[in-house]
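# Commentary on secondary and tertiary structure
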Amino acid sequence: MDEDLRTLLIAVVATAVAAMALGWFARSYFSERSLRRLQEFFGLPDNSECVLVVSRDTGTDGSVARNDVFALLELSAVIKYCRAKAQVISGESAQQSFGERTEFCVGGPVANRRMAAHLHSLLPGVSVNTDADPGPDRGAFVIGSERYRLVNGSEEHVLLARLTAGQQGRPVFLACGQRSITQQAAARYLAKHHTRLARKHGSHGNFCLLLKVVNSQAYGPDVVELVKDVTRTATTPQPKLTTSKDI
């Protein structure tokens, strides 16, 4: 009887150990597969390098705007999880060619020269009103025939884009907003919804989304709505119907 009980206990322990080992293996497998998909979407394999291109704060001594710093923190967490390394550079000094390394470009075309170049070459269907004088169209986005105005603290828009130069090129991610708080919102949206974006657009797919930050005066960058997918319109050159102060 004792021998039978001992045999039964050994069998139970062996089964439990095997189940634990199988569970650990399954978790490791799915975790690693999830990581590889994330790395593929962001173009960040193990030990790769990327660049974070930031704008200067035109209202200060040229330092990075507070909300842009928060945007960089959102992106840095993703980069670290991908086991990659990041270099932070100014949009005024960035000179690398497109597709060499994954790039995260944050800021508007006035304060970030690199962003202005990307809008011109990669999103020719988008123009941004850069008029410094007060007016209803100041900071407005024109995408195709649609105009999206800025209402400070109430309705503020930002473009979130992933663009590549073919299958082999590393992607560039753009967060171009009407205010710096919208860029933080876009970075957070990208970090939170990357799985859904990869599933919808593909790991190598291009997209350009127009997001709206709702009532940032009360909620900060936390309440974000997807206005529409503007990929086709934004990447198609449009007739120039805007003023000379539109970029």
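Up top you'll find the structure we're talking about.
In this report, we go over the structure that sits alongside the text. As a convention, each chain's residues are numbered from 1 in the sequence order in which they are written. Under the rules for a predicted model, residues below a pLDDT of 70 receive no local features and side-chain atom pairs below 80 are neither given nor counted, while totals for whole chains, interfaces and linings still include all residues. No hydrogens and no water enter the side-chain calculation; it runs on all heavy atoms of the structure.

On to the pattern of salt bridges. Whenever Lys or Arg places a side-chain nitrogen within 4 Å of a carboxyl oxygen from Asp or Glu, that contact is recorded as a salt bridge. If you walk through the whole model with that rule in mind, you get nine salt bridges. The salt bridge partner of Arg36 is Asp46, with a shortest N-O separation of 3.3 Å. Pair noted here: Arg36 is in helix H1 (residues 2-42) and Asp46 is in the loop between H1 and strand E1 (49-54), with a separation of 10 residues, a long-range link. Here's how the labels work: a residue is buried when its accessible area is under 20% of the maximum for its type, exposed when over 50%, partly exposed in between, all with a 1.4 Å probe on protein chains only. The exposure class of Arg36 is partly exposed, given its relative accessible area of 36%. Helix and strand definitions here come from DSSP, where helices need a minimum of 4 consecutive H or I residues and strands a minimum of 2 consecutive E residues; each element is numbered from the N-terminal end.

Attention now goes to the pairing of strand E7 (residues 155-163). For E7, the tally of buried residues reaches eight of nine residues, placing the bulk of the element in the interior. Strand pairing follows a simple DSSP-based rule, namely that at least 2 bridges must link the two strands. Pairing analysis gives eight bridges linking E7 to strand E9 (residues 207-214), with the strands arranged antiparallel. Bridged to Val158 within E9 is Leu211.

What follows is about the nonpolar core. What is meant by a nonpolar core is a set of buried Ala, Val, Leu, Ile, Met, Phe, Trp, Tyr and Cys residues, joined one to another through side-chain atoms within 4.5 Å. Counting 29 residues, the largest nonpolar core has Phe41, Phe42, Leu44, Phe104 and Leu190 as the members making the most contacts within it. With six residues, the top contributor of residues to this core is helix H4 (residues 180-201). Not counting the four nearest positions on each side in its chain, Leu44 is found in contact with Gln39, Cys50, Ile79, Cys82, Ala84, Thr102 and Phe104. Whether two residues are in contact is decided by their heavy atoms, any of which lying within 4.5 Å being enough.

Within this scheme a cavity is a closed region of a 1 Å grid, computed over the protein atoms alone, that accommodates a 1.4 Å probe without allowing it to escape, whereas a pocket is open but has protein on both sides within 12 Å along at least five of seven lines; lining residues each have an atom within 4 Å of a point. Grid points are joined across faces, edges and corners, and a volume is the space filled by probe spheres set on the points. Taken as a whole and assessed by the stated rule, the structure comprises one cavity of 30 Å³ or more. The calculated volume of the largest cavity comes to roughly 50 Å³. As for the largest cavity, its lining consists of Leu75, Phe104, Cys105, Val106, Leu160, Phe173, Leu174, Ala175, Ala186, Ala187 and Leu190. Looking at the lining of the largest cavity, the elements that each hand over two or more residues are strand E3 (102-106), strand E8 (172-177) and H4. Three categories are distinguished: nonpolar for Ala, Val, Leu, Ile, Met, Phe, Trp, Tyr, Cys and Pro, charged for Asp, Glu, Lys and Arg, and polar for the others, with Gly belonging to the last. Split by residue class, the lining of the largest cavity holds 11 nonpolar, no polar and no charged.

Quick look at the environment of Val51 now. Assignment of secondary structure puts Val51 in strand E1. Exposure remark for Val51: the relative accessible area of 1% places this residue in the buried category. Residues Val51 and Ser90, spaced 39 residues apart in sequence, show a C-alpha to C-alpha distance of 9.9 Å.

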